[in-house]
Every structure is written in structure tokens, then in C-alpha cells.
Amino acid sequence: NVDEAYLGYLDFGVLRKIITDPDNGRLRNLYTDNLRDFLGIDNEVNNSIKETLDNRQFGEFSLFNNGITIIAGRNKGKSDTFILENFQIVNGCQTSNVLYECRNIDGIDKASVPVKLVITSDENLRDRIILSTNSQSKIEKEGLLALSSFQKKLEDYYRSAKDGIFYERRSNQYIGTYVRQKNVVGIREQMKSFAAMYLDEPDVASGYFGKVYKNCSSNLFQDDHIPEPYYSAGLLHYFFKEMINSKEVNRDYNKARYHIYMLFRSEEHTSELQ
């Protein structure tokens with residue numbers, strides 16, 4: 001189910017045009033299918049990439065870097081000209097961002113970047129490629145859930161509710177944005193809150209996350225689920241944290257928060273999953 005596939009190198013002078021918005025000079029939004037967002041220059045691996053560029057080792061760059069993987073739905077170009085439709089950089093978010101941060105280094109356009117390009121409309125194959133190309137770096141178990149269509153639908157639902165809270169489907173997704181960390185519900189907390197509130201598993205939710213993943217992951221984020229119960233669990237968790245921090249609720253109750261979430265659902269008779 002692969003229409004075309006290529007493996008080669010691009011000078012950053014060419015890659016720069018792909019990853020940069022010509023209207024505002026900022027990075028394009030090409031990384032939504034990555035399992036994690038940019039981790040920052042201070043990250044050990046990213047700092048190493050930056051040092052290579054700072055030292056102007058442009059010829060050796062391709063030897064030290066795994067490069068990027070681009071998946072596109074269609075290529076309208078011919079021969080060695082590529083006109084891509086519906087394309088994403090599914091691996092290489094860190095590399096792309098570091099190159100962008102270092103874009104003003106003299107001579108950087110000569111840096112040679114390894115590029116893998118796959119043209120396919122098969123979503124299952126796309127997801128397998130994403131998981132495979134990201135396997136070289138450590139991805140937490142819950143990060144693998146970020147690819148599902150339900151996860152993306154849930155992220156959109158949080159935004160559309162406009163209650164000031166946001167769902168972090170991908171690790172570090174909101175770093176460097178206007179969104180405050182206290183307003184973010186991550187996958188781990190979403191799973192714990194939902195497991196307690198709708199699966200009646202507060203004891204499991206109160207323990208180590210590994211146990212939550214093992215016991216409950218098969219009953220979470222299913223395609224036939226609706227986002228409202230998940231959002232309710234995330235919203236309740238957010239308000240409970242706010243009440244703890246403002247001392248409206250005694251901090252001693254924090255240890256029992258997942259049992260409280262279950263009791264709240266029981267009292268309010270909130271909606272079913274489907």
C-alpha cells in the first residue's frame with residue numbers, strides 16, 4: 001500500500017522551505033502525528049545536535065543524525081520534483097526544531113539532512129511507520145496511545161469546550177505556548193481519572209501508573225466511545241486540584257481523590273460511554 005518511497009538527503013537550504021511558513025517565518029504545524037513535541041534545546045540529545053551545528057560540522061551532520069521521516073498522502077510532482085499533499089513530519093521533530101532554532105548560523109544551509117519520504121494513503125501503515133521510526137528513542141507506554149483517532153477527537157473536544165483546560169495528547173505539547181501547565185490534563189491523569197470515575201477502579205487509579213495501564217488500557221479510548229465522559233473526568237480533576245490549592249478542600253482528601261471521583265459520578269449519574 002505504498003505508492004512511492006524515497007531515501008536520500010536534503011540540504012537544509014531546501015528543507016528550510018518545507019518546515020518554515022513563508023508568510024510569518026515560523027515553523028509550520030507539521031508535527032501533530034509525532035509521539036512527542038519539541039523537548040527544547042536544553043534536552044541532552046537536542047543540545048548535542050546544536051553543538052554539531054554550532055561547530056559548523058555541516059558535512060558530518062548526516063553521519064550524526066537519523067534525519068526526518070515525511071509521510072504524504074499524495075505526490076503530484078514528477079521525476080525529482082515533489083509536490084506533496086497532506087504531509088506530516090512523523091519522525092524528526094527534534095531535528096527539525098533544532099535546525100530551525102539554529103537557522104541563522106552562517107553556512108547552515110549546507111547541512112545535509114537524511115530524509116525518508118513515504119507516499120501512502122493507508123492510515124494503518126502510516127501509524128506502523130510512526131511507531132517503528134520512533135522506536136529508536138524511549139516512548140512511554142501511554143505515548144503510543146496518542147495516535148488513535150479517538151485521542152485526536154478528544155483533544156479537539158477539550159478545545160471546543162472552552163473551559164480553559166487542554167488535553168495533552170502528545171508529550172510536551174504545550175511547552176512554550178500560552179497554555180499554563182496547571183490547565184493541562186495529560187494522558188496519564190486522563191486514564192487515572194477516567195478509570196476511577198467510569199470504570200469504578202479508584203484503588204487501581206491510586207496506585208502506580210503501570211497497574212492502571214495493565215488493568216484498564218484495553219477499556220479506554222475506544223473508537224466507539226464518546227468524548228464527554230473523558231472530558232468530565234478531566235474537568236473534575238482540574239477543579240479538585242484548584243480547590244485543594246485554594247484550600248477550599250482540606251489537602252488530606254487529596255489521597256482519596258480517585259474514590260471521590262467515583263462517588264461523584266455515582267451521585268450525579270453522569271452519561272454512559274456510548
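Above: the structure in question.
Source: prediction; values computed, not measured. (Residues numbered from 1 in each chain as written. Predicted model: local features only at pLDDT ≥ 70, side-chain atom pairs only at ≥ 80, totals over all residues. Heavy atoms only, no water.)

Provide a residue-level description of helix α4 (residues 93-101), including the pertinent values.
Here α4 lies mainly inside the structure; eight of its nine residues are buried. When α4 is considered as a whole, its buried residues turn out to be C93, Q94, T95, S96, N97, V98, L99 and Y100. On the buried face of α4, the contacting elements are α1 (12-19), α2 (44-54), α3 (61-64), β2 (68-75), β3 (84-91) and β4 (112-119). (Buried < 20%, exposed > 50% of the residue type's maximum accessible area, 1.4 Å probe, protein only. Helix = DSSP H or I, 4+ residues; strand = E, 2+ residues; numbered from the N terminus. Contact = heavy atoms within 4.5 Å.)

Run through the sheet that holds β4, naming residues and quoting values.
Ordered in space as β1-β4-β2-β3, the four strands form an open sheet in which the pairing is mixed. Edge strands, defined here as strands with exactly one partner in the open sheet, are β1 (4-11) and β3. Each strand axis lies, on average, 25° off the axis of its neighbour in the sheet, ignoring direction. Of the strands in this sheet, β1, β2, β3 and β4 touch α1, which is tilted by about 115° from β1. With respect to the sheet, α4 is in contact with β2, β3 and β4, its orientation differing from that of β3 by roughly 100°. (Pairing = 2+ DSSP bridges. Axes fitted to C-alpha atoms, helices over the stretch in contact; angles between N-to-C directions.)

Kindly report on the side chain of N46, identifying the contributing residues and their values.
Tracing the sequence through the fold places N46 in helix α2. Those residues in contact with N46, other than ones at most four positions away along the chain, are F38, L39, G40, I41, Q94 and V98.

Give a description of the pattern of salt bridges that names residues and reports values.
Under the criterion given, the structure shown has seven salt bridges. A salt bridge links E155 to R169; the nearest nitrogen and oxygen atoms lie 2.7 Å apart. With a gap of 14 residues between them, E155 in helix α6 (residues 149-161) and R169 in the loop between β5 (166-168) and β6 (184-186) connect regions that are remote in the sequence. Summarising the burial analysis for this pair, E155 and R169 share the class buried. Several salt bridges share partner residues, and in doing so they unite R74, K76 and E85 into one network. (Salt bridge = Lys/Arg side-chain N within 4 Å of Asp/Glu carboxyl O.)

Residues and numbers for unusual backbone geometry, please.
One non-glycine residue, R56, adopts positive backbone phi at about 55°. Locating R56 in the fold gives a position in the loop between α2 and α3. Of note in the backbone geometry, N86 takes a positive phi value of approximately 50° without being a glycine. If you trace the backbone, N86 turns up in strand β3.

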